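Chain residues, written in single-letter form:
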Amino acid sequence: LNLYTQVRDRLAASPGVTAVSFGEFGPYSNSNASTNVSVDGYHPTEDENMDADTNNVAPGFFHTLGIPLLEGREFTSADIPGAARVVVVNEAFVKRFLRGRGAIGVHMEKGAGGPLNLQIIGVVRNAQLGDLRAVVSPCYYIPFSQATKPAEAAQQAVFLVRSASNAAMLPPAIRRLLGMLDSALPVTNMETMHV
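This is a predicted model, so every value here is computed, not measured.

Rules behind the numbers
- Residues numbered from 1 in each chain as written.
- Predicted model: local features only at pLDDT ≥ 70, side-chain atom pairs only at ≥ 80, totals over all residues.
- Heavy atoms only, no water.
- Helix = DSSP H or I, 4+ residues; strand = E, 2+ residues; numbered from the N terminus.
- Buried < 20%, exposed > 50% of the residue type's maximum accessible area, 1.4 Å probe, protein only.
- Areas by Shrake-Rupley, 256 points an atom, 1.4 Å probe, with all protein chains shown as cover.
- Lys, Arg positive; Asp, Glu negative; His and termini not counted.
- Charge placed at Lys NZ, Arg CZ, Asp CG, Glu CD.
- Core = buried A, V, L, I, M, F, W, Y, C linked by side-chain atoms within 4.5 Å.
- Contact = heavy atoms within 4.5 Å.
- Arc of directions from axis to C-beta.
- Phe/Tyr/Trp six-rings, centres within 6.5 Å; stacked < 30°, edge-to-face > 60°.

*Asks:* Whenever I open this one, the overall build of the chain confuses me. Can you help?
*Replies:* On a plain count of helices and strands, the chain comes out with four helices and nine strands. Listed by position from the N terminus, the elements making up the chain come as α-β-β-β-α-β-β-α-β-β-β-β-α. Taken along the three principal axes of its C-alpha coordinates, the chain extends 55 × 40 × 25 Å. Among the 195 residues that make up the chain, the fraction classed as buried is 36%. For the chain, the exposed surface amounts to about 10900 Å²; the carbon and sulfur share of it is 52%. Of the charged side chains in the chain, 15 are positive and 17 negative; the average position of the first set lies 6 Å away from that of the second.

Structure, rendered in structure tokens:
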């Protein structure tokens, strides 16, 4: 995680860059993860599908992608291992599992049968980050820094860079910058998108 934080800070200091963040999965990457969930106050029927998509993301992820925050707050640098475990959910999650109840402060957990020790702190607008033709699924986001234990291997990271300058000039500038940080650092699948 320290390396990813260094990369983010270097990218953020680059000319023309207005926002930077990263996540385990990026938009339209044909990669995602899902788990079943338990939500306080929601009582599933027998054999009900309780799956929700999930993504581990760094502070600024929603802002960088232009996904509006509807309630609560985004993740910050204070959401670290040892701090209260928190999640941000999308509108589809609220509609599916909260059914008109307020989301902020509700507790949930990945899986079933364990303590509900993830607290919802924010709600973001639905965003179609996968198949553009699919219905947006319920999704919950976990702070990247809280997603693994310190002894575990770091997850993959997809960096998101918002720029006010010429998009064609950004990829070579990013490659140079990361090469100065670590010449062995792989930089793959760079693409531009408009948000």
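*Asks:* Help me out: how do you make sense of the nonpolar core in this one?
*Replies:* A general tendency of soluble globular proteins is for nonpolar side chains to be buried together. If you look at the biggest cluster of nonpolar residues, it comprises 19 residues, and the most contacted ones within it are Val39, Phe93, Met108, Ile120 and Tyr140. Every element with two or more residues in this core is listed here: strand 2 (33-39), strand 5 (86-90), helix 3 (91-98), strand 7 (118-124) and strand 8 (139-143). Not counting residues up to four positions away in its chain, the partners in contact with Met108 are Val37, Ser38, Val39, Val87, Phe93, Leu116, Asn117, Leu118, Ile120 and Tyr140. Ranked by size, the runner-up nonpolar core spans 13 residues in total, among them Val57, Phe61, Ile121 and Cys139.

*Asks:* Explain helix 1 (residues 2-12) to me, please; I cannot follow it from the model alone.
*Replies:* For an α-helix, 3.6 residues make a turn, and residues three or four places apart therefore share a direction. All of the buried residues along helix 1 are Tyr4, Val7, Arg8 and Leu11. Seen along its axis, helix 1 keeps its buried residues to an arc of 100 degrees; they face one direction. Summarising the contacts, the buried residues of helix 1 are in contact with strand 1 (17-23), strand 9 (158-163) and helix 4 (170-181).

*Asks:* Sorry if this is basic, but what is going on with the environment of Val187 here?
*Replies:* Relative to the assigned elements, Val187 resides in the segment after helix 4. Assessed through its relative accessible area of 22%, Val187 is described here as partly exposed. Sequence separation between Val187 and Pro171 is 16 residues, and the spatial gap between their C-alpha atoms is 9.7 Å.

*Asks:* Teacher, can you tell me more about the packing of aromatic side chains here?
*Replies:* For any pair of aromatic rings, the description consists of the separation of the ring centres together with the inter-plane angle of the planes. The tally for this structure, following the rule as stated, stands at twelve aromatic pairs. Taking 5.8 Å as the distance between ring centres and 75 degrees as the angle between the ring planes, the aromatic pair formed by Tyr4 and Phe144 counts as edge-to-face. Taken as a pair, Tyr4 in helix 1 and Phe144 in the loop between strand 8 and strand 9 lie far apart in primary sequence, 140 residues in all. Taking 4.8 Å as the distance between ring centres and 55 degrees as the angle between the ring planes, the aromatic pair formed by Phe93 and Phe97 counts as tilted. Of this pair, Phe93 and Phe97 both sit in helix 3, four residues apart, roughly one helical turn. Each member of the pair, Phe93 as well as Phe97, carries the same accessibility label: buried.

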